[in-house]
Amino acid sequence: MNEFNTIIPSGYNNIVVLTGAGISAESGIKTFRASDGLWEQHRIEDVATPEGFAANPQQVYRFYNQRRQHLLGHQIKPNAAHIALAEFERSFKGHFLLVTQNIDNLHERAGSQNVLHMHGELLKSRCIQSGQLLETIRDIDDQSRCQCCNPAKGIRPHIVWFGEMPLFMQQIEQALSQADLFVSIGTSGNVYPAAGFAAQAGLFGATTLELNLDTSANQSVFDYSVQGRATELVPQFFNPHTFTEQKG
Ligand code: NAD
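To keep things clear, this report deals only with the structure shown in the data block.

1. Re the packing of aromatic side chains
- Per the stated rule, a full pass over the model turns up 13 aromatic pairs.
- Ring centres of phenylalanine 32 and tryptophan 39 lie 4.9 Å apart, and the angle between their planes is 80 degrees; on these two criteria the pair is classed as edge-to-face. Each of the two residues, phenylalanine 32 as well as tryptophan 39, counts as buried.
- Aromatic pair phenylalanine 63 and tyrosine 64: ring centres 5.0 Å apart, planes at 90 degrees, arrangement edge-to-face. A single burial state applies to phenylalanine 63 and to tyrosine 64, both of which are buried.

See the structure below:
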């Protein structure tokens, strides 16, 4: 279906939004599957699995160091889609949860408040022994040490790799069960469990909408599916002007 203009988000009380790499593409951060499953010219198995880390930790540290430095570069900024979500959240009177698969911090930089990073965060590292998190803006490697153990232990990127358990799953599943609107933005629908959220929310009665550049792998489970760029579709859908008119 393609009449998403008939859904007014302010008509709902409990909204869950899921974002993927596509929402940050127009900010200059490459998506995961942009070219044949390569992520910035690396095989996913090499840089996004525990096995890849065990086999060649230096390569994995270097890969995330490069992603982090790129994210911190002055040219990378939140785009109109990140900003529209943050503005909508500020003016919305109901419950709004933003679940992101992204490891960048562009939602926070745009002003989003209630954000769960289910696949971790580039600007954090984690003690391999205790799991304690450290804010990280500098490069790390196998010589980097935690600040929580004695003697200090090694740290790793705070990224959920393939084969590891995503974060905040209990909170997310509870929110999906209570949602009356679920919106997926810029995600290919290939990575589970996130790719299953639309069907889950739909089973609990939520209206489901996807906004994505291409046809996603799970398009058929959505009530509405609209193709286009996030910077055009998201401000159009999450429009605070429409919201104000509705509430007024
Ligand atoms: P994906 O790369 O599998 O899919 C991205 C989707 O975004 C595609 O379906 C594509 O059609 C769509 N897209 C591309 N440009 C778009 C645009 N301008 N507007 C709207 N849609 C657009 O990414 P995924 O589904 O998020 O899953 C991959 C994993 O990659 C995630 O787990 C995430 O952790 C990781 N990742 C994160 C980032 C980031 O933090 N920005 C970047 C790359 C990969």
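Anyway, onward from the coordinates.
2. Regarding the site of the ligand
- In the vicinity of the ligand lie 27 residues, with Gln101, Asp104, His119, Thr187 and Ser188 positioned nearest.
- Contacts to the ligand include glycine 186, whose backbone N or O atom sits 3.3 Å from an oxygen atom.
- One of the side-chain N or O atoms of threonine 187 is found 2.7 Å from an oxygen atom in the ligand.
- The fraction of the free accessible surface of the ligand (860 Å²) that becomes covered by protein chains is 93%.
- Here the residues of the shell around the ligand are counted per class, giving nine nonpolar, twelve polar and six charged.

3. Section: the sheet that holds strand S8 (residues 155-159)
- Pairing is antiparallel in the open sheet, where three strands are placed in the order S7-S6-S8. Among the strands making up the open sheet, the edge pair consists of strand S7 (133-135) and S8. Here the average twist between neighbouring strands, direction ignored, is 45 degrees.
- Summarising the sheet, strand S6 (residues 120-127) and S7 pair through three bridges and their orientation is antiparallel. Following the sheet pairing, lysine 124 is matched in S7 by glutamate 135.

The rules we used
- Residues numbered from 1 in each chain as written.
- Predicted model: local features only at pLDDT ≥ 70, side-chain atom pairs only at ≥ 80, totals over all residues.
- Heavy atoms only, no water.
- Phe/Tyr/Trp six-rings, centres within 6.5 Å; stacked < 30°, edge-to-face > 60°.
- Buried < 20%, exposed > 50% of the residue type's maximum accessible area, 1.4 Å probe, protein only.
- Near = heavy atom within 4 Å.
- Polar contact = N/O pair within 3.5 Å; in protein donor to acceptor, adjacent residues only side chain to side chain.
- Areas by Shrake-Rupley, 256 points an atom, 1.4 Å probe, with all protein chains shown as cover.
- Nonpolar A, V, L, I, M, F, W, Y, C, P; charged D, E, K, R; others polar.
- Pairing = 2+ DSSP bridges.
- Helix = DSSP H or I, 4+ residues; strand = E, 2+ residues; numbered from the N terminus.
- Axes fitted to C-alpha atoms, helices over the stretch in contact; angles between N-to-C directions.

Function cannot be inferred from these measures alone, as they are strictly geometric.
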